[in-house]
Amino acid sequence: MAIEFRDETPKRSFGSLLLGRPAEEVVKIDPLRFPGMSSRVHEMNEQSAYWRKWLKSHEGKPDAILGYCSGAALAWSLAAEYLPEDVPLVLLDPEWTSPRVAQDLLADLCQGMDPEGRGSPVPPVGELAPDDALFVAGGFLRSAMERVAGELPVDILDTLTEKQRAWFSYTLSATAPDARLEPRQVFLSRAGRWTEGGNTRVHRFPTDPWELFRSIEVADAIGRLVEDSPREITHGDRPGEV
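Residues numbered from 1 in each chain as written. Predicted model: local features only at pLDDT ≥ 70, side-chain atom pairs only at ≥ 80, totals over all residues. Heavy atoms only, no water.

Trainee: Describe the layout of surface pockets, and please don't skip the residues or the numbers.
Mentor: Reported here for the largest pocket is a volume of approximately 1,200 Å³. Of all the secondary structure elements, the ones that give two or more residues to the lining of the largest pocket are α3 (99-113) and α6 (162-173). Per-element accounting of the lining of the largest pocket gives the leading share, eight residues, to α3. Tallied by class, residues from the lining of the largest pocket come to 18 nonpolar, eight polar and 14 charged. (1 Å grid on protein atoms, 1.4 Å probe; cavity = no way out; pocket = protein on both sides within 12 Å on 5 of 7 lines; lining within 4 Å. Points joined across faces, edges and corners; volume = space filled by probe spheres on them. Helix = DSSP H or I, 4+ residues; strand = E, 2+ residues; numbered from the N terminus. Nonpolar A, V, L, I, M, F, W, Y, C, P; charged D, E, K, R; others polar.)

Here it is in structure tokens:
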């Protein structure tokens, strides 16, 4: 099972690494599809409990859980949902939220909506409580959209900024992971960071984050891990993407 962001540009997908597994057999979960993600900040354990219930109803227990960047937070929390059972966790360039990460993301989202940088500076949100940060960021994103698209009704502005607000909300929830669990393997690009220790096997590559998803070495390592894990799909006709 893979945690990945469907609308990310440029796109990263574990489909390019799971070479021995047909695409229709890979369950993909987009964290931003969690109900109400754009409206408030949901605790990560609330999100993982929801997705475990969804998996139980549709697919059964995953044979491995894969995640990258901030999606690693949901992957880790979901793997912890299965303790004391061992569901292998594999991470690529994991990243947890911080005040700087939140602030930089808001600046990037606004830049994507208003490349010319019209209007007021990006408000400081990094030190605010999560729901307060989302409230301030949501208002600023709506104003940025209004500068580009013209004066619009609030409900239209909400629709046009829903994806950006969901991304910001999820990032605020991607906090440090459950210490009871260790990833089986971690793959790092030049941008990746990981503190050595424990039983986690760490692989470092002198490449950019997107090149990890085109690496034959990464594909071989993940392929061996997934093939060695017992497969358990007990509900539904076929895995899918949500």
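There is more to say after this.
Trainee: Give a description of the sheet that holds strand β2 (residues 28-29) that names residues and reports values.
Mentor: Spatially, six strands are ordered β2-β1-β3-β4-β5-β6 in an open sheet, and the strand pairing comes out parallel. Each edge of the sheet is formed by a strand with only one pairing partner; in this case those strands are β2 and β6 (201-204). Pairing of strand β5 (residues 185-188) with β6 involves four bridges; the strand directions are parallel. Within the sheet, the bridge partner assigned to Gln-185 lies in β6 and is Arg-201. In the packing of helix α2 (residues 71-81) onto the sheet, the strands contacted are β1 (2-3), β2, β3 (65-68) and β4 (89-92), and the crossing angle to β3 comes to about 155°. (Pairing = 2+ DSSP bridges. Contact = heavy atoms within 4.5 Å. Axes fitted to C-alpha atoms, helices over the stretch in contact; angles between N-to-C directions.)

Trainee: Explain a nonpolar patch on the surface to me, and be specific about the residues and the numbers.
Mentor: Residues Leu-128, Phe-135 and Val-136 make up a contiguous nonpolar surface patch of about 290 Å² in total accessible area. Mapping Phe-135 onto the fold places it in helix α4 (residues 130-149). Assessed through its relative accessible area of 68%, Phe-135 is described here as exposed. (Patch = residues over 30% accessible without salt bridge, like charges linked within 9 Å, V, L, I, M, F, W, Y side chains within 5 Å. Areas by Shrake-Rupley, 256 points an atom, 1.4 Å probe, with all protein chains shown as cover. Salt bridge = Lys/Arg side-chain N within 4 Å of Asp/Glu carboxyl O. Buried < 20%, exposed > 50% of the residue type's maximum accessible area, 1.4 Å probe, protein only.)

Trainee: Kindly report on the nonpolar core, identifying the contributing residues and their values.
Mentor: Membership of the largest hydrophobic core comes to 53 residues, with the highest contact counts inside it found for Phe-14, Ile-65, Leu-92, Tyr-170 and Ile-222. Of all the secondary structure elements, the ones that give two or more residues to this core are β1, α1 (44-58), β3, α2, β4, α6, β5 and α7 (216-228). No other element matches the eight residues that α2 contributes to this core. Aside from chain neighbours lying at most four places away, what touches Phe-14 is Ala-2, Ile-3, Glu-4, Leu-66, Gly-67, Tyr-68, Leu-92 and Phe-213. (Core = buried A, V, L, I, M, F, W, Y, C linked by side-chain atoms within 4.5 Å.)

Trainee: Summarise the packing of α3 against α6; cite the residues concerned and give the values.
Mentor: Between α3 and α6, whose axes approach to 10 Å, the crossing angle comes to 170°. In this view, α3 runs roughly antiparallel relative to α6, as classed from their interaxial angle. Along its contact with α3, which presents Val-101, Ala-102, Leu-105, Leu-106, Leu-109 and Met-113, the element α6 presents Gln-164, Trp-167, Phe-168, Thr-171 and Leu-172. The residue makeup of the contact of α3 with α6, split by class, is nine nonpolar, two polar and no charged. (Parallel < 35°, antiparallel > 145°, perpendicular 65-115°, else oblique.)

In short, geometric facts, not functional conclusions.
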